[in-house]
Amino acid sequence: APGARAAFVPPPRAPASAHATHTTRPRPANQVLTVVLTYPLQFFPAMVALEDKLGLSDESGLLPCCAARTCLVLAAFASSLYAPYENLMGLAGGLCAVPLAFIFPGWFHLRLCKPRYGEGRALDITLVAFGVVMAPVAVVSAILSWH
């Protein structure tokens, strides 16, 4: 009964890496949930600034605050439909990522540690100078490549 013996043979298993990539792949529902839960956190500073400019406060009621927040979200949605994503990311990189990566670390180290001379001070000044040069280059490049 060679056929009976073959029925008890377990099926071949996939390599462990195949299981890992299948189970760690994000699902669309998880991505949507992540965006929905982090969007208010990302827009909170803009909402506070908008409410301050419009003179809204807790005393002005819930409806005006909700209307202002809804308009802000709709404006962000409309701009995402119009503006290409890669151009916005390039602009954000030039305005935010370059200072965070190059200018601020060197500047803070110069201010906090106060190196008077040596390689540390030269590296800090080089980082700040590189960031000051590259931030406008990145912003202008993003604007020029705008479709």
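That block above? That's the structure.
Residues numbered from 1 in each chain as written. Predicted model: local features only at pLDDT ≥ 70, side-chain atom pairs only at ≥ 80, totals over all residues. Heavy atoms only, no water.

Caption draft 1: Looking closely at the overall build of the chain. For the chain, the count of helices and strands is six helices and zero strands. Reading the secondary structure of the chain in the N-to-C direction produces α-α-α-α-α-α. Relative to its 147 residues, the chain shows a buried fraction of 16%. Of the contacts made within the chain by residues no fewer than 6 positions apart, 62% connect residues no fewer than 24 positions apart. Carbon and sulfur atoms form 72% of the exposed surface of the chain, whose accessible area is close to 11700 Å². (Helix = DSSP H or I, 4+ residues; strand = E, 2+ residues; numbered from the N terminus. Buried < 20%, exposed > 50% of the residue type's maximum accessible area, 1.4 Å probe, protein only. Contact = heavy atoms within 4.5 Å. Areas by Shrake-Rupley, 256 points an atom, 1.4 Å probe, with all protein chains shown as cover.)

Caption draft 2: Examining the pattern of salt bridges more closely. Applying the stated criterion to the full structure yields one salt bridge. Between E51 and R69 there is a salt bridge, and its shortest N-O distance comes to 2.7 Å. Taken together, the residues span a long stretch of sequence, with E51 in helix α3 (residues 28-54) and R69 in helix α4 (residues 62-82) at a distance of 18 residues. Judged by relative accessible area, E51 falls into the buried class, the value being 11%. (Salt bridge = Lys/Arg side-chain N within 4 Å of Asp/Glu carboxyl O.)

Caption draft 3: Inspection of the side chain of D124 at higher detail. With respect to the helices and strands, D124 occurs in helix α6 (residues 119-144). No salt bridge is formed by the buried D124, whose closest oppositely charged neighbour, R121, lies at an N-O distance of 7.1 Å. Ignoring anything within four residues of it in the chain, the contact list for D124 reads G106, H109, L110 and P115. (Lys, Arg positive; Asp, Glu negative; His and termini not counted.)

Caption draft 4: Local environment of a nonpolar patch on the surface. Where nonpolar side chains cluster on the molecular surface, the patch consists of L100, F104, W107, F108 and L112 and spans about 570 Å² of accessible area. Within the secondary structure, L100 is located in helix α5 (residues 85-113). By relative accessible area, which is 57% here, L100 ends up exposed. (Patch = residues over 30% accessible without salt bridge, like charges linked within 9 Å, V, L, I, M, F, W, Y side chains within 5 Å.)

Caption draft 5: A look at the packing of aromatic side chains. What the rule picks out here adds up to two aromatic pairs. Taking 5.0 Å as the distance between ring centres and 75° as the angle between the ring planes, the aromatic pair formed by F102 and F130 counts as edge-to-face. You can see F102 sitting in helix α5 and its partner F130 sitting in helix α6, a full 28 residues away along the chain. Here F130 falls in the partly exposed class, since its relative accessible area comes to 40%. Here the aromatic rings of F104 and F108 are separated by 5.8 Å at their centres, their planes lie at 15°, and the arrangement is stacked. Here F108 and F104 lie together in helix α5, a separation of four residues that amounts to about one turn. (Phe/Tyr/Trp six-rings, centres within 6.5 Å; stacked < 30°, edge-to-face > 60°.)

Caption draft 6: Quick peek at α3. With 27 residues, α3 should reach 39 Å at 1.5 Å per residue; the first-to-last C-alpha distance of 37 Å fits that figure. Along α3, the largest kink reaches about 50° and is centred on F44; proline P45 follows within four residues of it. If you follow the buried residues of α3, they end up packed against α4. Phi turns positive one or two residues past the end of α3, at G55, with a value near 75°. (Expected span 1.5 Å × (residues − 1). Bend = angle between axes of the 7 residues up to and from the residue.)

Caption draft 7: α6, seen in detail. Here α6 is 26 residues long and its end C-alpha atoms lie 37 Å apart, about the 38 Å a rise of 1.5 Å per residue gives. If you check which residues of α6 are buried, you get D124, V128, G131, A135, V139 and A142. Close packing links the buried residues of α6 with α5.

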